Amino acid sequence: AMRLIAEVGYHEATNQRIAEAAGITRGAMLYHFPTREDLVASVVAHVQAQRMQRLQQAGLERPAGADPAEHAIDAYWSLLGEIPFQAFGELESVARTDAMVRERIAPAQAQFDRAQIGEQPIGLGGAAARLQTGRDFARFLLEGLSRAQLTHDDQERTERLLTVIKRATHMLNRKGPETDLWPD
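A brief structural summary. Because the structure is a prediction, the values reported are computed rather than measured.

Quick word on the overall build of the chain
- Along the backbone of the chain there are nine helices and zero strands.
- Taken over 184 residues, the chain has a buried fraction of 34%.
- A sequence separation of at least 24 residues applies to 57% of the contacts in the chain between residues at least 6 apart.
- Looking at the chain as shown, the accessible area adds up to about 10800 Å², and 53% of this sits on carbon and sulfur atoms.

In structure tokens:
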């Protein structure tokens, strides 16, 4: 189901199509998931578990000496191209107009946000708030860029935007010599 949602979209990933892809009968599918809501809840749980696992793995894969912010940006950009992240992005798009999907993914969205924030006391401001703002800035720009990439596939343009996101994140975090967003 996760792969179908990522590849053909939520509405085209019908129960019948999911059953066929899984190699089971529609009756067997209905036995395990009597309603679309049951199926969506199971899919969201599976997708979220996969996302959290991949996010944790990406954090552990940072090469020695690599800049933490740049590694995080590169790793997240790569993750956004993977099936669990694509499926979740599709579910988030559907949730805008589908209350049932919105209700099912809300806890997963909150869990992912908490994993991104960590235990930083951002409400107090200062360096923790600046760090979180840099994370949010990079994350939401990357997510938007990954969805916008559906309409263009210009590698040079994407690389330039990734460079600006990295520079802006360094500036927000007050790390490094960057004083200008535009790379010369």
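Okay, back to it.
What about the packing of helix H4 (residues 36–60) against helix H6 (residues 83–95)?
- Axis separation between H4 and H6 bottoms out at 9 Å; the angle between their running directions is 130 degrees. Taken together, the axis directions place H4 and H6 in an arrangement best described as oblique. Where H4 crosses over H6, the two elements pack in a sense that is left-handed. Only Pro84, Phe85, Ala87, Phe88 and Leu91 of H6 make contact with H4, whose side of the interface consists of Val43, Val44, Val47, Gln48, Gln50, Arg51 and Arg54.
- The residue inventory of the contact of H4 with H6, partitioned by class, reads eight nonpolar, two polar and two charged.

What to know about the packing of aromatic side chains
- The final tally for this structure, using the stated rule, is three aromatic pairs.
- When the ring of Tyr76 is compared with that of Phe85, the centres are 6.1 Å apart and the planes differ by 85 degrees; the resulting orientation is edge-to-face.
- Each member of the aromatic cluster is reached from another via a ring pair, and the members are Tyr76, Phe85 and Phe112.
- Positioned above the aromatic ring of Phe112 is the side chain of Arg51, whose terminal nitrogen or guanidinium carbon lies 3.9 Å from the ring centre.

A short note on the side chain of Asn15
- Structurally, Asn15 is set in helix H2 (residues 15–22).
- Of the residues examined, Asn15 reaches a relative accessible area of 13% and is grouped as buried.

Topic: the nonpolar core
- Of all hydrophobic cores here, the largest spans 23 residues; its most connected members are Tyr10, Leu91, Val101 and Ile105.
- Counting residues per element, the ones that place at least two in this core are helix H1 (2–8), H2, H4, H6 and helix H7 (99–117).
- Broken down by element, the residue count for this core peaks at six residues, all from H6.
- If we ignore the near neighbours within four places in the chain, the residues touching Tyr10 are Ile5, Arg36, Val40, Glu90, Leu91, Val94, Asp98, Met100 and Val101.

Calculation rules
- Residues numbered from 1 in each chain as written.
- Predicted model: local features only at pLDDT ≥ 70, side-chain atom pairs only at ≥ 80, totals over all residues.
- Heavy atoms only, no water.
- Helix = DSSP H or I, 4+ residues; strand = E, 2+ residues; numbered from the N terminus.
- Buried < 20%, exposed > 50% of the residue type's maximum accessible area, 1.4 Å probe, protein only.
- Contact = heavy atoms within 4.5 Å.
- Areas by Shrake-Rupley, 256 points an atom, 1.4 Å probe, with all protein chains shown as cover.
- Axes fitted to C-alpha atoms, helices over the stretch in contact; angles between N-to-C directions.
- Parallel < 35°, antiparallel > 145°, perpendicular 65-115°, else oblique.
- Left-handed = near helix turned anticlockwise from the far one by under 90°.
- Nonpolar A, V, L, I, M, F, W, Y, C, P; charged D, E, K, R; others polar.
- Phe/Tyr/Trp six-rings, centres within 6.5 Å; stacked < 30°, edge-to-face > 60°.
- Lys NZ or Arg CZ within 6 Å of the ring centre and 35° of its normal.
- Core = buried A, V, L, I, M, F, W, Y, C linked by side-chain atoms within 4.5 Å.

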